[in-house]
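Chain residues, written in single-letter form:
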Amino acid sequence: MRSRDPRADERRRGKPPGAAEGMITVTRPRILVVGAGFAGVGCVRRLERKLSPDEAEITLVTPSSYQLYLPLLPQVASGVLTPQSIAVSLRRSRKYRTRIIPGGAIGVDLAAKVCVVRTITDKIVNEPYDYIVLAPGSITRTFDIPGLTDHAYGMKTLAEAAYLRDHVISQLDLADASQDPDERAARLQFVVVGGGYAGTETAACLQMLTHNAVKRYPRLDPSLIRWHLIDIAPRLMPELGEKLGDDAQKILRKRGIEISLGVSIAKAGPEEVTFTDGRVIPTRTLIWTAGVVASPLIGTLGAETVRGRLAVTAEMNLPGHDGVFALGDAAAVPDVAKDEEGAVCPPTAQHAMRQGKVVADNVIAALRDQPLRPYKHKDLGLVVDLGGRDAVSKPIGIELKGLPAMAVARGYHWSALRTNVAKTRVMTNWLLNAVAGDDFVRTGFLSRSPAKLKDFEFVHAYLTPEQVRAQVGEKGGAQGASG
């Protein structure tokens, strides 16, 4: 596939744009990857393996120089795993040569081929590219609910998981010390909104943490600890099917988790939450996991979207824009493995990891004027770890629960970890927890800083398409920064 941009063709021939005839300057094509999730890291690693150093310059835009294994985040929140065990450094690879810009992409000018980046020091940088891979992931989906972003906790980042663990344990400490029975009861009530995988696993793992921890608090009545899991949908995790979904509900209810379906939040306050069915729950803990939406970066492109995700071809390139690729949670990649018209791949790790490799191959093919190949993958199934020996799984259509399901769930997660160091750390944590049980230490992480939804999502940092054009026009195609 040949670029429609003559400047890119000149660069491939070793001639910079506008260079005089007879002047030869070797300029490597610039490949810019946005996002260090499963999709972005998978792409970068494959590019490093398959491209020679003089064939292209690879740059990665990410706030943190590690890949987070997001499916195991609830186990970090519950203390089963340490934060380092699921945060894999991007600099461990011996073939590492990618330049990392520590920041987040806040706008893309497709016409000028420039990505606008806000660094972690709040400087604005214009980063030019010849090929761009957009894998910015997703953010927590919120609604216009009074008090939600001010009072709810999220579960999308490592910092949020670590903070939430400290917060939950601190509620036990404060309840134990309180002389006020109303305050004590409120601190021992916990509300989780979202009956998908993230919400269900978060409620299950944290409920097990409080169940085990309360044994160390002889002044607390264990019956006062109440966990609420609510969702506006009619059933938990509908993708599992009716039978496994019911099995999961039975497991959670047996543990004492109160499940309310067809219900959401009407209002959130610092000391209580109002449900849409009129119930008012006194609580200091509201955890919001009600789905995700594509990164706001996609809205800066001015391109066609499908339910907020960038509309791309099966080859994961943006129609009408050579050298622009998108994948993962932020892209509506056609699911050609299904016979349904208009089907797109779900935003899951198994698709993102595989899409990253295919996109890397397609970027290389575009560089070498070779044909692109479509992405096709048949879903391998679903796994849900409910903590302890409880789990439900559906690998390749086979329904499992209990110990077999737990073995499949943990086996899948363990095998999907990218490095042997990460696998060793996770396995060691699991074995230590099985032998020694939970610990209930508060680390004091972010104890002086707020950690609510509004403090982690940064949704107001993104530019409008007009602001992107103004920023790029002001700085031009060259790299620049402003405070």
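About the cut-offs
Residues numbered from 1 in each chain as written. Predicted model: local features only at pLDDT ≥ 70, side-chain atom pairs only at ≥ 80, totals over all residues. Heavy atoms only, no water. Helix = DSSP H or I, 4+ residues; strand = E, 2+ residues; numbered from the N terminus. Contact = heavy atoms within 4.5 Å. Phe/Tyr/Trp six-rings, centres within 6.5 Å; stacked < 30°, edge-to-face > 60°. Buried < 20%, exposed > 50% of the residue type's maximum accessible area, 1.4 Å probe, protein only. Disulfide = S-S within 2.5 Å. Core = buried A, V, L, I, M, F, W, Y, C linked by side-chain atoms within 4.5 Å. Polar contact = N/O pair within 3.5 Å; in protein donor to acceptor, adjacent residues only side chain to side chain. Pairing = 2+ DSSP bridges. Axes fitted to C-alpha atoms, helices over the stretch in contact; angles between N-to-C directions.

- Per an unreviewed UniProt entry, the protein chain is named NAD(P)/FAD-dependent oxidoreductase, and its organism is Streptomyces cyaneochromogenes.

## Section: the side chain of Asn-429
- Turning to its location among the elements, Asn-429 is positioned in helix 11 (residues 420-436).
- Setting aside residues up to four positions removed in sequence, Asn-429 forms contacts with Val-80, Leu-81, Thr-82 and Ser-85.

## Concerning the packing of aromatic side chains
- If you walk through the whole model with that rule in mind, you get four aromatic pairs.
- With a centroid separation of 6.2 Å and an interplanar angle of 75°, the aromatic rings of Phe-143 and Trp-288 are classed as edge-to-face. Placement of the pair is Phe-143 in the loop between strand 9 (138-140) and helix 4 (148-151) and Trp-288 in strand 16 (residues 285-288), with a sequence separation of 145 residues.
- Among the residues examined, Phe-143 registers a relative accessible area of 45% and is labelled partly exposed.

## Looking at the state of the cysteines
- A complete count under the given rule lists zero disulfides for this structure.
- Just so you know, Cys-43 is unpaired, no disulfide at all, and the nearest cysteine sulfur is the one on Cys-115, 14 Å from it.
- Note on Cys-43: relative accessible area 0%, which makes it buried.

## Points about the nonpolar core
- Ranked by internal contacts, the top residues of the largest apolar core, which has 116 residues, are Ile-31, Leu-47, Ile-86, Val-108, Ile-132 and Leu-134.
- If one sorts the elements of this core by residue count, helix 9 (residues 349-367) sits on top with ten residues.
- Contacts of Leu-134, omitting those with residues within four sequence positions, involve Val-34, Val-108, Leu-297, Leu-301, Leu-310, Val-324, Phe-325, Ala-326 and Leu-327.
- Ranked by size, the runner-up nonpolar core spans 16 residues in total, among them Val-193, Ile-265, Phe-275 and Leu-286.

## Notes on the side chain of Thr-119
- Following the sequence through the fold, Thr-119 ends up in strand 6 (residues 114-119).
- Here Thr-121 takes part through its side chain, which lies 2.9 Å from a polar atom of the side chain of Thr-119.
- If we ignore the near neighbours within four places in the chain, the residues touching Thr-119 are Pro-102, Gly-103 and Val-125.

## Details of the pairing of strand 22 (residues 381-385)
- Burial runs high along strand 22: four of the five residues are buried.
- Direction of pairing for strand 22 relative to strand 23 (residues 391-395): antiparallel, over a ladder of five bridges. Directly across from Val-383, in strand 23, lies its bridge partner Ser-393.
- Hairpin connection between strand 22 and strand 23: a loop of five residues separates the two successive antiparallel strands, and Gly-387 in this loop has a positive phi of roughly 90°.

## Here we look at the sheet that holds strand 11 (residues 226-231)
- Reading across the sheet, the four strands line up as 12-11-10-16 and stay open at both edges, with parallel pairing between neighbours. Each of the sheet's edge strands pairs with one partner strand only, and the pair in question is strand 12 (258-261) and strand 16. The sheet shows a mean angle of 15° between the axes of neighbouring strands, taken without regard to direction.
- Where helix 7 (residues 197-213) meets the sheet, its contacts fall on strand 10 (189-193), strand 11 and strand 16, and the angle it forms with strand 11 comes to roughly 175°.

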